[in-house]
Amino acid sequence: RQQAELILKDFFARNTPVSFTVLHKGGKEGSQYAIGNLVTPNDVFRVTIYLKVKDNKSLIHQLRFEKDGE
């Protein structure tokens, strides 16, 4: 968990968000996902977020950033 926090902190220090738009979302019982575009001053990233529900809480299971067009 601590390593993930450091990686995200570094990513957002280098890629300050300008906007984020959800393009698609869905799921089934116990899990959800969302796909969106994160716009930064230098790049656009396609973001995929996978959530799992545990004890009535949504927890991030996977978070993926890909430069748009790659």
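Our structure's up above, just so we're on the same page.
Residues numbered from 1 in each chain as written. Predicted model: local features only at pLDDT ≥ 70, side-chain atom pairs only at ≥ 80, totals over all residues. Heavy atoms only, no water.

A. Representation of the side chain of Thr48 in the model. Residue placement: Thr48 occurs in strand β3 (residues 44–54). What makes Thr48 buried here is its relative accessible area of 8%. Residue contacts for Thr48: discarding those within four places in its chain leaves Ala34, Ile35, Gln62, Leu63 and Arg64. (Helix = DSSP H or I, 4+ residues; strand = E, 2+ residues; numbered from the N terminus. Buried < 20%, exposed > 50% of the residue type's maximum accessible area, 1.4 Å probe, protein only. Contact = heavy atoms within 4.5 Å.)

B. Seen up close, the sheet that holds strand β2 (residues 31–39). Strand order in the open sheet formed by four strands is β1-β2-β3-β4, and the pairing between neighbours is antiparallel. Here the strands that pair on one side only, and so sit at the sheet edges, are β1 (19–28) and β4 (57–67). On average, each strand axis in the sheet is inclined to that of its neighbour by 20°, with strand direction left out of account. Alignment of β2 against β3, held across nine bridges, turns out to be antiparallel. (Pairing = 2+ DSSP bridges. Axes fitted to C-alpha atoms, helices over the stretch in contact; angles between N-to-C directions.)

C. Here's a closer look at the pattern of salt bridges. Under the criterion given, the structure shown has three salt bridges. Here Asp10 and Arg14 are joined by a salt bridge, their closest N and O atoms 3.1 Å apart. Separated by four residues within a single helix, Asp10 and Arg14 lie in helix α1 (residues 2–14), roughly one turn from each other. According to the relative accessible area criterion, Arg14 is exposed, its value standing at 54%. (Salt bridge = Lys/Arg side-chain N within 4 Å of Asp/Glu carboxyl O.)

D. Structural detail: the packing of aromatic side chains. Applying the stated rule across the entire model yields four aromatic pairs. Judged by centre distance (5.9 Å) and plane angle (85°), the rings of Phe12 and Phe65 are edge-to-face. With Phe12 in helix α1 and Phe65 in strand β4, this residue pair connects regions lying 53 residues apart in the sequence. Note on Phe65: relative accessible area 24%, which makes it partly exposed. Clustering of aromatic rings is evident, with ring pairs tying together Phe11, Phe12, Phe45 and Phe65. (Phe/Tyr/Trp six-rings, centres within 6.5 Å; stacked < 30°, edge-to-face > 60°.)

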